[in-house]
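Structural overview
Listed below, chain by chain, are the residues.
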Amino acid sequence: MTKFGMHQSISRIEDPRLLTGRGRYTDDIVLPGQGFGFVLRSPHAHARIRAIDTAAARAMPGVLGIFTHADLAAEGIGHLPCVVGLKNKDGSRRADTPRPALADGVVRHVGDAVAFVVAKTLAAARDAAEAITVEYELLPASTDLATAAAPGQAQVWPATPNNVCFDWQAGDAAGTAAAFARAAHVTRLEVVNNRIVVASMEARAANAAYDPASGRFTLYSGTQGSWLLKDQLASAIFKLPPENFRVVTPDVGGGFGMKIFLYPEHVLCCFAARRLNRAVKWTSERSEAFLSDTHGRDNITLAELALDAEGRFLALRTRNVANMGAYLSTFAPFIPTFAGSKVLASVYRFGAIHAQVLGMFTHTVPVDAYRGAGRPESNYLVERLIDQAARELGIDRIELRRRNMVAPADMPWKSAMGATYDTGDFPAVLEAGLHAADWAGFAARRAASARAGRLRGIGLAYYLEATGGGATERAEIRFAADGMAELLVGTQSTGQGHETAYVQIMAERLGIPAGRLRVVQGDSDAIPTGGGTGGARSLYSQGGAILAAAQEVENRGRKGAAHILEAAAADIEFADGFFRIAGTDRQLHILDLAAEARSRKAAGEAVETLDAFAVWDIKAHTFPNGCHIAEVEVDPETGRVALARYTVADDVGRAINPLIVRGQVHGGVAQGVGQALLECTHYDAVSGQLVAGSFMDYALPRADDLPAMAVELVEVPCGTNPLGVKGAGEAGAVGSPPAVINALVDALAARGVGTIDMPATPERVWRALAAKAA
């Protein structure tokens, strides 16, 4: 058995199971007698449904049922909720979007669900869907965020003028205006944060069963936390007690925020299972995922930075236009507002900040959280703006950052947006990044590239992340009859390595060998509450709960050991997994004590067992931060951008497993590089069709798009949780887009190009160079 603990680079213990095909994902689950669901989706971005004829489809072989909105309405099925009750700057409530699981008379984006077909085989369900006749009356569509509010644009919702869902503000408007009035220099920049298709490796899926005797639903689905879906299905959709629902999340192949939410297919599978009295399974196809999974990002932001004569940051003012899509997804309004604005101050000493956010409806797929969820957008804006200010003022971009960074001596620091940073050594992390990247040696590398006919640039971005999520987390430790210790957690792994990290904590805290530990997650029946995974919260929130539960196990173990060893509880010591009588060699290992206590308890003896749980109150979230440095080479003849070098210096607090942390950073950087250089989610302005609707047109980064990445960990322990951790799951995706684009702008500056938007595809880069040459 492996002996290990925290702060070691240990290979993930879940990987052998997953890499040898022993993982169990939603599509692997086969329930007795299950039918197969297929969603008929709208081919139009905006249309009125005049009629739906399902007669021919119902008569086809193998068809078990076909459902439309009328069927859902007849049984009182509710709408999918948005849980963010945002208010406009004038105090009025944001606009709402009634979102039934199947379209009610109007479709509002390509891919909107119109009918649900269930058959004995998937092929039969697909054939029947093709036999359904839908009469559409085509309506004008508005898919372009930049023009959605313009006069004459098609309205997504008739009761929402100019497609404005909300007009929100935060910060100090008066203080910001005063700072701008006395500024010696003002830098202005507009940036586009392009729309992203999430494209998780495992597509979404659902398999639902219904027991008419008990009235209980069981839903299997790849989620980022079973309890949110359970609560929403109960309260908003079926209007039944929560105990009528069991949600089980098996292995999940990537989530990135997109799998947090309740989707129409969850509702449809549960509804059809009850109606047909048989299990119903639906699995998304890849092209279907492009049209039905929530998308990410999609902001256009104008920012202004006010500086004094010495280059000190006085104030920041932003106006962000954020796409909500056609319907409000679960947390959609929260992402560009509360989440994004929280980190606008980043690591800098702004005197005042004012942020305005307009949420817009368009005839497109709903937009919600994607890795980083609002924080990458804000960090991208700030870091692009600082580089622009440095060019305008003739100040070195590193010096400008150093001049305005919050110093370690200032901690705890309350930012201009009201967030309190408990710890951080931003200058030290910056210096570590510059050293690791050999910033001083860049001039020689640029000269070598120039001799080869290439333009070379270097860029940096200092990011600040703010983690988030639920206010509590639960952990339970049980000692099973098979000799294993079970840890039941309320978070949900979607590929991050939770099992390894949690076992490391347990092994060190309780002295239980790794081979005797089992992590249980995702079953809302086995685990009564959980906050799920999102906002890089898992390790500090779940870790705190694990330590609290372990302390309770130790307390109970002292009593049990005292009883069995016939000693006073005050004389019992605990170390390295053993309870021993102080000053003697009489001892019991925790696993042996647990087995003995369970046996005696079963025999009727009044002995304390070791099983325990704890609910951890999360009093403060954390602020991971770091410096990303990218080097790019541009072929001016083709516009192709090659990422030549990439370096990260990260402060994620104490690293429980540095190997996993680096892997998380690598994955996040890859996603950020994809957004910066490759990924283009384009809708046709006339038809509203998603032009980049498959991997034939939507470019994800491949292995040869990425260099080897150097990741330096600068540990500044967090002061608000007992593990000292800050979170690493989203950091790579936060810092990489501005670092890459700043490097690209640095490369293009020699040809007179001052700015460029994401994605910086070869065509876009070539056109920018050609325009300057002309």
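Residues numbered from 1 in each chain as written. Predicted model: local features only at pLDDT ≥ 70, side-chain atom pairs only at ≥ 80, totals over all residues. Heavy atoms only, no water.

With that out of the way, let us pick up the layout of surface pockets. Size it by volume and the second largest pocket reaches roughly 550 Å³. Lining the second largest pocket are 24 residues, and of these Asp144, Asp298, Cys680, Thr681 and His682 sit closest to its centre. Counting only elements with at least two residues in the lining of the second largest pocket, the list comes to strand S8 (185–193), strand S15 (299–307) and helix H19 (762–773). Looking at the lining of the second largest pocket element by element, the count peaks at three residues for H19. Classifying every residue of the lining of the second largest pocket by side-chain character gives nine nonpolar, eight polar and seven charged. (1 Å grid on protein atoms, 1.4 Å probe; cavity = no way out; pocket = protein on both sides within 12 Å on 5 of 7 lines; lining within 4 Å. Points joined across faces, edges and corners; volume = space filled by probe spheres on them. Helix = DSSP H or I, 4+ residues; strand = E, 2+ residues; numbered from the N terminus. Nonpolar A, V, L, I, M, F, W, Y, C, P; charged D, E, K, R; others polar.)

Moving on, we get to the pattern of salt bridges. All told, the structure shown has 50 salt bridges when counted by the stated rule. Notably, a salt bridge pairs Glu265 with Arg41, separated by 2.6 Å at the nearest N-O pair. One end of the pair, Glu265, is in helix H7 (residues 264–276); the other, Arg41, is in strand S1 (residues 35–41), and 224 residues separate them in sequence. Considered together, Glu265 and Arg41 belong to a single accessibility category, that of buried residues. We note a salt bridge from Arg537 to Glu473, for which the minimum N-O separation is 2.7 Å. Taken together, the residues span a long stretch of sequence, with Arg537 in the loop between strand S23 (517–520) and helix H15 (538–565) and Glu473 in strand S21 (residues 472–479) at a distance of 64 residues. Of the two residues, Arg537 and Glu473, both sit in the buried class. Counted as one network, the salt bridges with shared partners bring together Asp438, Arg445, Arg456, Glu631, Glu633 and Arg645. (Salt bridge = Lys/Arg side-chain N within 4 Å of Asp/Glu carboxyl O. Buried < 20%, exposed > 50% of the residue type's maximum accessible area, 1.4 Å probe, protein only.)

Summed over all chains, the structure comprises eight cavities of 30 Å³ or more. Residue assignment for the lining of the largest cavity shows that the elements contributing at least two residues are S15, strand S16 (313–325), helix H9 (335–341), strand S17 (352–361) and helix H10 (375–393). Here the lining of the largest cavity is composed, by residue class, of five nonpolar, eight polar and one charged. For the second largest cavity, the calculated volume is near 90 Å³. When residues of the lining of the second largest cavity are traced back to their parent elements, those giving at least two are H7 and helix H8 (286–292). For the lining of the second largest cavity, a count of residues per class yields seven nonpolar, three polar and five charged.

The contact between H10 and helix H18 (residues 731–748) brings their axes to 8 Å, and the two run at 30 degrees. What the angle tells us is that H10 and H18 run roughly parallel. Two packed elements cross with a definite hand, and for H10 against H18 that hand is right-handed. Listed contacts from H18 to Arg375, Pro376, Asn379, Tyr380, Glu383, Arg384, Asp387 and Arg391 of H10 are Ala733, Val734, Pro737, Pro738, Ile741, Asn742 and Val745. For the contact of H10 with H18, the residue count by class is eight nonpolar, two polar and five charged. (Axes fitted to C-alpha atoms, helices over the stretch in contact; angles between N-to-C directions. Parallel < 35°, antiparallel > 145°, perpendicular 65-115°, else oblique. Left-handed = near helix turned anticlockwise from the far one by under 90°. Contact = heavy atoms within 4.5 Å.)

With that settled, consider the sheet that holds strand S30 (residues 709–713). An order of S20-S28-S29-S30 is seen for the four strands of this open sheet, with the pairing classed as mixed. Each edge of the sheet is formed by a strand with only one pairing partner; in this case those strands are strand S20 (455–464) and S30. Adjacent strand axes in the sheet meet at a mean angle of 15 degrees, parallel and antiparallel pairs treated alike. Where strand S28 (residues 625–634) lies against strand S29 (residues 641–651), 10 bridges are found, and the strand directions are antiparallel. Of the residues in S29, the one forming a bridge with Cys627 is Ala649. Together, S20, S28, S29 and S30 form the strand contacts of helix H12 (residues 426–436), whose direction differs from that of S28 by roughly 30 degrees. (Pairing = 2+ DSSP bridges.)

Burial along strand S24 (residues 572–575) is one-sided: Ile572 and Phe574 are buried, while Glu573 and Ala575, pointing the other way, are not. Where S24 meets strand S25 (residues 578–581), four bridges bridge the pair, whose relative direction is antiparallel. Each residue of the ladder has a partner; that of Glu573, found in S25, is Arg580. If you look at the hairpin formed by S24 and S25, you'll find two residues sitting between the two strands, and Asp576 has a positive phi there, around 55 degrees.

Right, let's get into the packing of H15 against helix H16 (residues 590–602). Two elements in contact, H15 and H16, have axes separated by 10 Å at closest approach and are oriented at 65 degrees. Of the possible angle classes, the one that applies to H15 and H16 is roughly perpendicular. Note on packing geometry: the crossing formed by H15 with H16 is left-handed. In this structure, H15 uses Val553, Gly557, Gly560, Ala561, His563 and Ile564 to contact H16, whose residues at the interface are Ile590, Leu593, Glu596, Ala597 and Arg600.

Next up on the list: the side chain of His589. Counting through the fold element by element, His589 comes out in strand S26 (residues 587–589). In this structure His589 comes out as buried when scored by relative accessible area, which is 13%. Reaching out from His589, the side chain makes a polar contact with the backbone nitrogen of Leu591 at a distance of 3.1 Å. Contacts of His589, omitting those with residues within four sequence positions, involve Gly511, Pro513, Gly577 and Phe578. (Polar contact = N/O pair within 3.5 Å; in protein donor to acceptor, adjacent residues only side chain to side chain.)

Taken as a whole, this structure holds 19 aromatic pairs when the rule is applied. Here Phe67 and Phe271 contribute two aromatic rings whose centre-to-centre distance is 5.4 Å and whose plane-to-plane angle is 90 degrees, an arrangement assigned as edge-to-face. Taken together, the residues span a long stretch of sequence, with Phe67 in strand S3 (residues 63–67) and Phe271 in helix H7 at a distance of 204 residues. We note that Phe67, like Phe271, is buried. Taken together, Tyr210, Phe217, Phe238 and Phe245 form an aromatic cluster joined through their ring pairs. For Arg108, the ring lying beneath its charged end belongs to Trp157, and the centroid distance is 3.6 Å. (Phe/Tyr/Trp six-rings, centres within 6.5 Å; stacked < 30°, edge-to-face > 60°. Lys NZ or Arg CZ within 6 Å of the ring centre and 35° of its normal.)

Structurally, Val553 can be placed in helix H15. Sequence-wise, Val553 and Asp571 are 18 residues apart; in three dimensions their C-alpha atoms are separated by 17 Å.

What follows concerns the state of the cysteines. Under the defined criterion, the tally for this structure stands at zero disulfides. The cysteine Cys82 is free of any disulfide, with Cys165 supplying the nearest cysteine sulfur at 7.6 Å. Residue Cys82 is classed as buried on the basis of its relative accessible area of 15%. (Disulfide = S-S within 2.5 Å.)

The values are spatial; any link to function lies outside them.
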